[in-house]
Amino acid sequence: MSTRIMIPINDFRPKAENRILEFASICKSNEKSSKMSSPRFFRITIESCLNSYRARWSTIRSRLQCLILFMVMPLLAFSQHKQANFTIDYSRYRAQGGDVYVEIYYTIDRAGLNYQKTTTGFQAGALIQTYLKQGNKGMRLDSLVISDVVNSLDDIAPTQKFVEQSNILIGPGDYELLCRFTDLVSKQSVIKSEGLKITSFPAESLAISDIQLASSILPLTSITLGQQEKSKFDKNNLRVVPNASRMYGTGLEQLSFYAEAYNLKFDGKAANSHYHASYFIIDQDDQVIKEITGRSRPKPGTSCIINGKFDVADIPSGFYRLKIRVTDEFTDRFIEAEKDFTIFRAKDFVARPTNIESDKLLSSTEDEFGTMNEAALNDYFEKIKYISLKEEQTIFKKLDLAGKREFLKNFWKSRDPIPATPINERKEEYFRLLEYANANFSVGNKPGWKTDQGRVLLVYGQPDEVERFPSDSDTKAYQIWHYYSIEGGVIFVFVDIMSIRDFRLVHSTHRNEVQELEWKDRYLRY
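Residues numbered from 1 in each chain as written. Predicted model: local features only at pLDDT ≥ 70, side-chain atom pairs only at ≥ 80, totals over all residues. Heavy atoms only, no water.

A. Quick look at the packing of aromatic side chains. The full count for this structure, using the stated rule, is 28 aromatic pairs. On the basis of an interplanar angle of 25° and a centroid distance of 5.9 Å, the ring pair of Y320 and F341 is categorised as stacked. Here F341 lies in strand 20 (residues 333–344) and Y320 lies in strand 19 (residues 318–328), a separation of 21 residues in the sequence. Here Y320 matches F341 in class, with each residue buried. A cation over a ring is seen here: R325 above F334, with NZ or CZ 5.1 Å from the ring centre. Between R415 and the ring centre of F411, over which it is positioned, the NZ or CZ distance is 3.7 Å. (Phe/Tyr/Trp six-rings, centres within 6.5 Å; stacked < 30°, edge-to-face > 60°. Helix = DSSP H or I, 4+ residues; strand = E, 2+ residues; numbered from the N terminus. Buried < 20%, exposed > 50% of the residue type's maximum accessible area, 1.4 Å probe, protein only. Lys NZ or Arg CZ within 6 Å of the ring centre and 35° of its normal.)

So this is what it looks like as structure tokens:
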């Protein structure tokens, strides 16, 4: 008799490090197991989980042996304590019985790893742990070990990346995907969290999977003999190497993509047996800047594989989205999917001199960055990071002094709601809120914009209503902020946990914020 795995999570604390599940062990046998009373949502049996776990541990154990020097050779330690650039992405595909097959992708910049000196060169190692959470229940999906050995640190190039992948079959529901990347040299961890909504694919109407962005896609028949060993990146006779960063440009000027279309009308007759796919690259102004209309193809059945590539060498740095449209020529119906991506080249952000007289009439936003040194520019970006995109944060870190000045000018220019006016209203409002946060939420040496209340204020604006509850003999002081026009109405709950007027965010109904339904029992009482 098999038992469904359902493990309660008793301590998903709001701090990122405490939100990760730490399972002490997986059940050693199911001889005495019985069906658990909790609602099931993972279609994974203990037997299959144990087999997967044992096979994975065997691989991890052998790979960890080469990393043991991290613990036994302290005199040879060498570490730059760099910040890892770790990104995740996922794609959802149709599976049988209403379930959905999810592929989770990871990309790690090689240059972001910390290397330790050995007797023969330098060695790095990393651990990726992935968890899936639904409500107060969850499970660990995978543990992956990455190891790297180089003779010289000069062998490491900025464009080199490690790529990994995990797979899971799950039923419909709203989940949270949590990934922790740990550098085994510096012992520093990076936490990534993504909402994961799973909906069964329709049984009859035309449907399409997510788009997977890739660094390369090759037919298995074209792979050289020495590389033909089965890979986790292989599917449908293709080797699809994911690009979880979704960034192209320097070192990767070709955007490759993969998707699947379902429920094509197919009866075997020649007149009804064709489809075609079109591909579009769209800029931030919703303008199509590149387009490919695929030729009419015979349907292989009721489903088909979509894959292709764009040369993006002539597209400037910026934020774009890829759209795929699949058309069933028999019904003349189509289905679309989209995926955001970034193009980045440092040279695009180098300020160029000009003799145009009108350029002397720079706005105050552009003028202010010209005299800033790099430390001041970094400090400025820290203050506006709350409203920046993850891709923008990655780009800013890689720029030189001139590039950062140009970047910040473009940052506010792209957010100017009324470009025709002499002031940038969005920028003015943001720094008005920042001054308010510093005046009202500062605690000791911590400026108000760095507090939880300051962050929420800067991201979501002034709340529509604030409920304030002073402390008493039994409970700590707390506040509830109400926003009535966001997601149909959301709240943010702040508690003065240390009783020093530093109100920490402990619960919110906003889908992208921490949720702790037991916040009163956990944080409010002395």
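B. Quick peek at the sheet that holds strand 22 (residues 478–483). Ordered in space as 21-22-23-24, the four strands form an open sheet in which the pairing is antiparallel. In this open sheet, the two strands that pair with only one neighbour each are strand 21 (465–469) and strand 24 (504–508). Here the strands of the sheet are splayed against their neighbours by 20° on average, with no regard to which way each runs. One ladder, built from six bridges, connects strand 22 with strand 23 (residues 490–495); its direction is antiparallel. Pairing of W481 across the sheet is with F492, part of strand 23. Against the sheet, helix 8 (residues 452–460) engages strand 22, strand 23 and strand 24, with an angle of about 5° to strand 22. (Pairing = 2+ DSSP bridges. Axes fitted to C-alpha atoms, helices over the stretch in contact; angles between N-to-C directions. Contact = heavy atoms within 4.5 Å.)

C. Examining the packing of helix 4 (residues 374–384) against helix 7 (residues 425–441) more closely. The contact between helix 4 and helix 7 brings their axes to 11 Å, and the two run at 90°. With respect to each other, helix 4 and helix 7 are oriented roughly perpendicular. Two secondary-structure elements touch here, helix 4 through Y380, K383 and I384 and helix 7 through K427, Y430, F431 and L434. Of the residues that constitute the contact of helix 4 with helix 7, the class distribution is five nonpolar, no polar and two charged. (Parallel < 35°, antiparallel > 145°, perpendicular 65-115°, else oblique. Nonpolar A, V, L, I, M, F, W, Y, C, P; charged D, E, K, R; others polar.)

D. Inspection of the pattern of salt bridges at higher detail. This structure, assessed with the given rule, holds 32 salt bridges. Notably, a salt bridge pairs E382 with K385, separated by 2.8 Å at the nearest N-O pair. Look at E382 and you get partly exposed, because its relative accessible area is 36%. Under the relative-accessibility criterion, K385 is labelled partly exposed at 28%. For the salt bridge of E429 with R432, the shortest nitrogen-to-oxygen distance reads 2.8 Å. With E429 and R432 both in helix 7, this residue pair falls three residues apart, about one helical turn. On the basis of relative accessibility, which here comes to 31%, the residue E429 falls in the partly exposed class. The partly exposed category is assigned to R432, whose relative accessible area is 40%. (Salt bridge = Lys/Arg side-chain N within 4 Å of Asp/Glu carboxyl O.)

E. View of the sheet that holds strand 6 (residues 161–170). With antiparallel pairing, the three strands of this open sheet are ordered in space as 1-2-6. Whereas interior strands pair on both sides, the edge strands pair on one side only; in this sheet they are strand 1 (86–94) and strand 6. Across the sheet, the mean angle separating the axes of adjacent strands is 20° when strand polarity is ignored.

F. Layout of unusual backbone geometry. Here N236, not a glycine, exhibits a phi torsion of approximately 50°, which is positive. Within the element layout of this structure, N236 appears in the loop between strand 11 (234–235) and strand 12 (238–242). We note that R246 has phi near 55°; this positive angle belongs to a residue other than glycine. You can see R246 is positioned in the loop between strand 12 and strand 13 (247–249).

G. Layout of helix 8. Listing the buried residues of helix 8 in full gives Q453, G454, V456, L457, L458 and Y460. On the buried face of helix 8, the contacting elements are helix 7, strand 22, strand 23 and strand 24.

H. View of helix 7. A rise of 1.5 Å per residue sets the reference length of helix 7, with its 17 residues, at 24 Å; its end C-alpha atoms lie 24 Å apart and thus fit the reference within 8%. Turning to helix 7, its buried residues number three or more, namely K427, Y430, L433, L434, A437 and F441. Across the axial projection of helix 7, the buried residues extend over an arc of 130°, all falling on one side. Structural note: helix 7 exposes E435 and A439 on the side pointing more than 90 degrees away from its buried face. Sitting at the amino-terminal end of helix 7 is N424, which places a side-chain oxygen 3.1 Å from the backbone nitrogen of R426. (Expected span 1.5 Å × (residues − 1). Arc of directions from axis to C-beta. Polar contact = N/O pair within 3.5 Å; in protein donor to acceptor, adjacent residues only side chain to side chain.)

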